[in-house]
Every structure is written in structure tokens, then in C-alpha cells.
Amino acid sequence: MPVPKIIYIDCTATYNSGLNTGIQRVVNNVTTRAIGLSQDFGVEIIPVVAVSGGFKKLNDMVVISRQPSTLGGIRKKLSTLKQRISKLLWEASASSSPLVALLAQKTYAGFRTLAFLLRRLLKIFRSVRLVFSKHDEHYEVFTSDDLLLILDSFWTYDALDVAEKSNDSKPVVVSVIYDLIPITHPQYCDQEFVKSFALLFPRIVELSDGLIGISQTVQKSVGDYVAQHCPNWAHRGMLDFFYLGADFKVNTLSQPDQLSPDIAALVGSNSPFFLAVGTVEPRKGYGYLLDGFEILWRQSNAHPLVIVGKVGWLCSDVLKRAQELKRSGRPLLMLHDVDDYTLDLLYKKSAAVIFPSFIEGFGLPLVEALVRGKQVLASNIEVFEEIGGANVSYFKAGSTESLAQSVGEFISALSKSGYSAETRIINGAISWDESAHTLIQKSINIFSKINSAKFSGNIPVAPPVIGSAQEIPRSKTQTESPERCPAS
């Protein structure tokens, strides 16, 4: 069975951003295991960053999360500033003065437009800088014996442009797809991003020999898309999936000198509170989450709700609603800039974690809650049922009444059994070691199938059948074999 000589893993966006949330957390957890994975598979694995002229080797993995590039540092500072200004503006938008509230709302809208323009300018500046940068011969040279794994977000930092140029040397390309939400559910996304993603996704499909989703739900979504829009690729390309890891580890050296007064009082009270984690954006369902808790609070259930998530897009109504609830004395705490240590503490001290999302590609915070043994209440969307299985209590997505009933039943159970921060043991949780190993194995299998087909002159008829229940003991849905992308 042919195996790649070298596996290159793209980590361009993570390197430039210096962040460690969402996709960046996935990239960090896989690339920091490159040496161990190389030993496991007997294949050299090299994380790379796209720059002018090609891909360059990333020698020190710590660089990804601790030492971002100059532009990455600027981007991160601007992101932090944006979060702080956004918070001030939405707080002002809930002012009792109609004039102050109106000015804050108009300013917030203008600020969002300005932030978008700044992102565009940074991208243009970077492109111009790359054009005039000095020639550097120390690029990685791909061959047909190599595999390029596009693990990072392909829609940022021009990594896709560089990968397309590098494709002249014909490496096998495998791309990880996190979701197709901008295409399948554009109403939940910023419209500029929707337009950009819709233009770029067909390019990543055309570039790739294989597409690996982060869940069977995503794999099916991608299969439906290519069958309808890319029938030629459906005849030659291969689909598969893997699951993300959940052994969330906190660097104790990064502990804050002291917790904020609100958080310290919350975790020090040893009383039950509920936690929701995720960017404040429409698809997360925070609107009906707040409505559901308002029903409970009116019924004298005074358990606090804590929402942890950076300010996203199309969320001014939710932010305003949260501020109004807080001003009226409701036990609500909304946090936009929380370090890993504090987030881990909130997970551990919470009575239950709630995920009211309308749509997700995976739900990494849900798994991070499960791996801590926390009780999880989640909307009954397909991917949550796939990932959570019987370990999660479900309510109807989008239903305020169903959410309030689910939380109310949990509160009633708490009153009978008593509150304890002790965690349950969840069987079948996937570690990042297992997740990274499965991803590399499936990428190698795609490489082998593609190259075997090239040598034999036959078109591959099915993707590798791996990721069985024995390999990933997560839920009953995982016993199904990955499907070949159907042709239209």
C-alpha cells in the first residue's frame, strides 16, 4: 500500500492569529503531536506556513500559540480592542436614556463596518508586503510522493492561493472541513463571509483529492454539496470524517493573579449555576436561551446563568437583551474575554452546561464539558445527537418552552439529590492523541487509495472504511461506514 514520503500540515491561519480557540485549538493539538505521529506512522510530518512563494517549515511548534507573526500580533490586539469597545457600546445601548441608546446602536453599527474595513486593509497590506518581499529559496518542495493536509481555515491568510500554486507539483491534497454553515445556513452568518466562503469552497474542493469532515454530519453535508455542485469531483474525490479530541489541558503557569470579583463570588459560593460556552452569534441560540431562563427566573428559580463567548456578528439584539436582564437584577453573567484557566474553573464548578445551538459542525465545547463529566443539556440537532449520544439531555432546538422545561426538570432533580460539583465518568471520550492519530491514518488511507488508482488506472470507488465503533467508541452513529461521495 503506497504511503506518503512526507505529510505537510498547513497551520497558516493559526500561526498568524496567535489564537487558541475553535479551529486554532484543533490545529494546535494536532501539530504539537507531529513528532509523535511521525514515529507512530514512520512518515515524516512537517507543519508548514504559507508565505510568498510557497510553504515554509515551522520548526518550533510553540510559536503557533505563543509568538504570532507581526501582523498576527496586530490582528490579535485589534480583536481584543474590538471586544472591549463592542462590550461598552452594547452596554450603552441598553441605557435608560433613549438618546444614549440610539447613539450607541448607531455607533456600534458603524464600528462593525470599520472593523470589517480594517480586516480588508490588513489583508491588502500583507499581500503587498509579500509581493515586494525578498526572494527566499527555503521553501518546501512538494512532490507526487507527498501529502498536503490543509488542516487550518482555508479562507484566511491566502493559504488557498499558495496551495493552488504548489499543486503544480501534484502532491495529494486532503482538506479538513469544519462545516458548511455559510452555505447551508447563511442566515446565521455575516453576509460578507457568506459571499467569500461561497466563492472559496468550490476551489478547495477542486484542489483536494479528499475531504475529511469533523463529524459524520459534516461529511454528509459535504457529500450532498459535491453531488449537486461538483459532480466531476464526486467521481474522483474521496470523503471521510474524524472526531475532535477533548482532553482540554490548562497550563497552571498561566493562572491569573486573581479572578474578577464576579467570577470569584460565583465559584466561591458553591451554589449551582449554569454555563453556556461559544461565540455570541445567531446560530448559538442565545436569544431563546435568555428567554427560557427568564421564564425560570419568573418562577423563582434564581440559579445564575453564565455565558462565555467573544462578541461575534449579528448579535446586538442578544447583547442588549442580556444587558437589560442584568440591569433588572437577573442573575446573569456574560463574559467575553476569559483565559483557559478561568474557563476550566467555570466548567468544573458549573452544575450543568447548556448548548442551545441551531447548527454546528461538531460542538467542541460540548465534548469538553462531557470529558469533565458535567451534565450537558443541548438542542436536539443532528450533530449533537451524533457526538453526545445518551450522555446528553436534549430539548427541541429553538423552543423556549422545551429549553425551560429541560432546565426546570434538572433543577427539580438538583433540589432532591442536592448539588455537588463532583463529575461523572463519561466512557468513550476521545483524547487529542486518538483524534490526531485517526486524522493522519485516514489521510494516509486516502493517499494510498488515490495513488493505487493512479498506478492501476482505475478510479477509486470507495473511501477507506475506518473510524469504526472499535476505534472511536463515542456513540451508536459511529458504527456506520463513511460514504463515497455520490455522483449527480
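The structure under discussion appears in the preceding block.
In this text, all values refer to a predicted model and were calculated from it rather than measured experimentally.

*Asks:* It is not clear to me how the overall build of the protein chain should be interpreted in this structure. Could you clarify?
*Replies:* Across its full length, the protein chain holds 19 helices and 13 strands. Look at the contacts in the protein chain between residues 6 or more apart in sequence, and 78% of them connect residues 24 or more apart. Summing over all exposed atoms, the protein chain offers an accessible surface of approximately 22200 Å²; the carbon and sulfur share of this is 54%.

*Asks:* Got a minute to help me understand the sheet that holds strand β5 (residues 172–177) in this structure?
*Replies:* In any sheet, the strands associate via hydrogen bonds between backbone groups, in a parallel or an antiparallel arrangement. The strand order across the open sheet built from seven strands is β3-β2-β1-β4-β5-β6-β7, with neighbouring strands paired in mixed fashion. Because the sheet does not close on itself, it has two edges, and the strands there are β3 (54–57) and β7 (238–241). Recorded for the sheet is a direction-independent mean angle of 30° between the axes of neighbouring strands. In terms of strand pairing, β5 meets strand β6 (residues 210–213) through four bridges, oriented parallel.

*Asks:* How do you make sense of the packing of helix α12 (residues 261–268) against helix α15 (residues 340–349) when you look at a structure like this?
*Replies:* To characterise two packed helices, one gives the angle between the axes of the helices and the distance between these axes. One way to put it is that α12 packs onto α15 with a least axis distance of 10 Å and a crossing angle of 30°. Compared by their axis directions, α12 and α15 come out roughly parallel. Here the hand of the crossing between α12 and α15 comes out left-handed. Residue-level inspection shows I263, L266 and V267 of α12 in contact with α15, the latter providing T342, L345, L346 and K349. For the contact of α12 with α15, the class distribution of residues is five nonpolar, one polar and one charged.

*Asks:* Hey, could you run me through the pattern of salt bridges in this one?
*Replies:* Pairing is possible between side chains that carry opposite charge, provided their charged atoms lie close to one another. Per the counting criterion, the structure on display carries 16 salt bridges. Salt-bridge contacts for D433 lead to R33; the nearest nitrogen and oxygen are separated by 2.6 Å. Placement of D433 in helix α19 (residues 432–456) and of R33 in the loop between α2 (23–31) and α3 (34–41) is noted, with a sequence separation of 400 residues between them. What makes D433 partly exposed here is its relative accessible area of 46%. Judged by relative accessible area, R33 falls into the buried class, the value being 17%.

Each value, and the rule that gives it
- Numbering of residues starts from 1 in each chain and follows the order in which that chain's sequence is written.
- Predicted model: local features are reported for residues with pLDDT of at least 70 only, side-chain atom pairs are reported and counted for 80 or more only, and whole-chain, interface and lining totals are derived from all residues.
- Excluded from the side-chain calculation are hydrogens and water; included are all heavy atoms of the structure.
- Numbering of helices and strands runs from the N terminus, with a helix taken as a DSSP run of H or I at least four residues long and a strand as a DSSP run of E at least two residues long.
- Whether two residues are in contact is decided by their heavy atoms, any of which lying within 4.5 Å being enough.
- Throughout, the Shrake-Rupley method with a 1.4 Å probe supplies accessible areas, and for residues the shown protein chains are the sole cover considered.
- Should DSSP find at least two bridges between two strands, the strands are regarded as paired.
- Only the contacting stretch of a helix is used when fitting its axis, a line to C-alpha atoms as for every element, and angles between N-to-C directions run 0 to 180 degrees.
- We call two directions roughly parallel when the angle between them is under 35 degrees, roughly antiparallel when it is over 145, roughly perpendicular when it lies between 65 and 115, and oblique otherwise.
- In a left-handed crossing the near helix is turned counterclockwise from the far helix by less than a right angle, and in a right-handed crossing that turn is clockwise.
- For this classification, the nonpolar set comprises Ala, Val, Leu, Ile, Met, Phe, Trp, Tyr, Cys and Pro, the charged set comprises Asp, Glu, Lys and Arg, and every other residue, Gly included, is treated as polar.
- Salt bridges are counted wherever a side-chain nitrogen of Lys or Arg sits within 4 Å of a carboxyl oxygen of Asp or Glu.
- Exposure classes here rest on a 1.4 Å probe applied to the protein chains alone. A residue is buried below 20% of its type maximum, exposed above 50%, and partly exposed in between.

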